[in-house]
Amino acid sequence: MGRGTSVVCEKCGWEEQFSFGSGFLSFDNPEDFEDIASGKLGELAKRALDGANPELVHLRSELETFSCMGCGELIRGRKITAYIEDDLPITLYDCDKTCPKCGESPLGPGGVLRPADVSGHIERLVKQGCPNCGGELKKYSYFWD
Ligand SMILES: [Zn+2]
Ligand SMILES: [Zn+2]
């Protein structure tokens with residue numbers, strides 16, 4: 001079961017949600033296998049998966065929020081942990097290739113992605129008030145699966 005936090009403006013309905021973790025469909029999802037086999041998640045993972053015994057490969061996908069290495073904008077994506085045969089697990093990141101704010105790649109040198117400080121972001125939002133109308137923001141926690 002995953003968890004999340006949403007921030008809601010009770011005045012105008014503005015809302016921002018952050019979901020984390022794994023849900024019901026996050027384990028050994030065939031689409032995740034395809035993403036790796038096609039090289040979408042990098043050559044390293046593709047090579048590791050190539051020729052591995054499919055029965056000894058397990059994938060766990062989690063929702064994650066990253067921070068653009070260029071401008072700090074929050075970018076929603078996924079973290080996938082690949083357990084391939086007896087090797088150490090490989091961690092893969094999947095998110096938009098361009099940042100919606102600065103238009104550059106959110107990745108740093110060497111393809112590094114930085115997990116965002118979401119709780120800090122939420123605290124700042126609540127302190128500043130609704131970006132749309134300036135109203136008071138309320139914070140809610142939820143679970144998803
Ligand atoms: Zn950016
Ligand atoms: Zn508002």
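Conventions adopted
- Residues numbered from 1 in each chain as written.
- Chains lettered and ligands numbered in written order.
- Predicted model: local features only at pLDDT ≥ 70, side-chain atom pairs only at ≥ 80, totals over all residues.
- Heavy atoms only, no water.
- Donors = N, O, S within 2.8 Å, 3.2 Å for Na, K, Ca; no water.
- Helix = DSSP H or I, 4+ residues; strand = E, 2+ residues; numbered from the N terminus.
- Buried < 20%, exposed > 50% of the residue type's maximum accessible area, 1.4 Å probe, protein only.
- Tetrahedral: all angles 85-135°; square planar, octahedral: opposite > 155°, others 65-115°.
- Pairing = 2+ DSSP bridges.
- Axes fitted to C-alpha atoms, helices over the stretch in contact; angles between N-to-C directions.
- Contact = heavy atoms within 4.5 Å.
- 1 Å grid on protein atoms, 1.4 Å probe; cavity = no way out; pocket = protein on both sides within 12 Å on 5 of 7 lines; lining within 4 Å.
- Points joined across faces, edges and corners; volume = space filled by probe spheres on them.
- Nonpolar A, V, L, I, M, F, W, Y, C, P; charged D, E, K, R; others polar.

Novice: So, the coordination of the zinc ion (ligand 1): which residues are in play, and what are the values?
Specialist: The protein atoms that coordinate the zinc ion (ligand 1) are Cys68 (SG), Cys71 (SG), Cys99 (SG) and Cys102 (SG), at distances of 2.3 to 2.4 Å. In the primary structure, the donors to the zinc ion (ligand 1) are separated according to the pattern C-x2-C-x27-C-x2-C. Here the residue Cys71 occupies a position in the loop between β3 (57-67) and β4 (74-84), and Cys99 occupies one in the loop between β5 (90-95) and β6 (114-115), the gap between them amounting to 28 residues. We classify Cys99 as buried; its relative accessible area is 3%.

Novice: Please give an account of the coordination of the zinc ion (ligand 2) that cites residues and values.
Specialist: A metal bound by six donors in octahedral fashion has ideal angles of 90 or 180 degrees, whereas one bound by four tetrahedral donors has an ideal angle of 109.5 degrees. With distances of 2.3 Å, the protein atoms coordinating the zinc ion (ligand 2) are Cys9 (SG), Cys12 (SG), Cys130 (SG) and Cys133 (SG). Each of the four donor atoms bound to the zinc ion (ligand 2) contributes to angles spanning 102 to 114 degrees, and the resulting shape is tetrahedral. Spacing between the donor residues of the zinc ion (ligand 2) along their common chain follows C-x2-C-x117-C-x2-C. Under the relative-accessibility criterion, Cys130 is labelled buried at 5%.

Novice: Which residues make up the sheet that holds strand β2 (residues 15-20), and what values do they have?
Specialist: An order of β2-β1-β7 is seen for the three strands of this open sheet, with the pairing classed as antiparallel. Each of the sheet's edge strands pairs with one partner strand only, and the pair in question is β2 and β7 (137-144). If you compare each strand with its neighbour and ignore which way they point, the axes differ by 15 degrees on average. Pairing of strand β1 (residues 2-9) with β7 involves eight bridges; the strand directions are antiparallel. Bridge assignment links Gly2 to a residue of β7, and that residue is Trp144. Helix α3 (residues 118-128) rests against β1, β2 and β7 of the sheet, and its axis sits at about 165 degrees to β2.

Novice: Pulling in residues and values, what's your account of the layout of surface pockets?
Specialist: Counted as a void, the largest pocket has a volume near 290 Å³. Residue lining of the largest pocket: 18 residues in total, with Leu41, Gly42, Tyr93, Leu107 and Gly111 positioned closest to the centre. Considering each element in turn, the lining of the largest pocket owes the most residues, five residues, to β5. Residues of the lining of the largest pocket, tallied by class, amount to 10 nonpolar, four polar and four charged.

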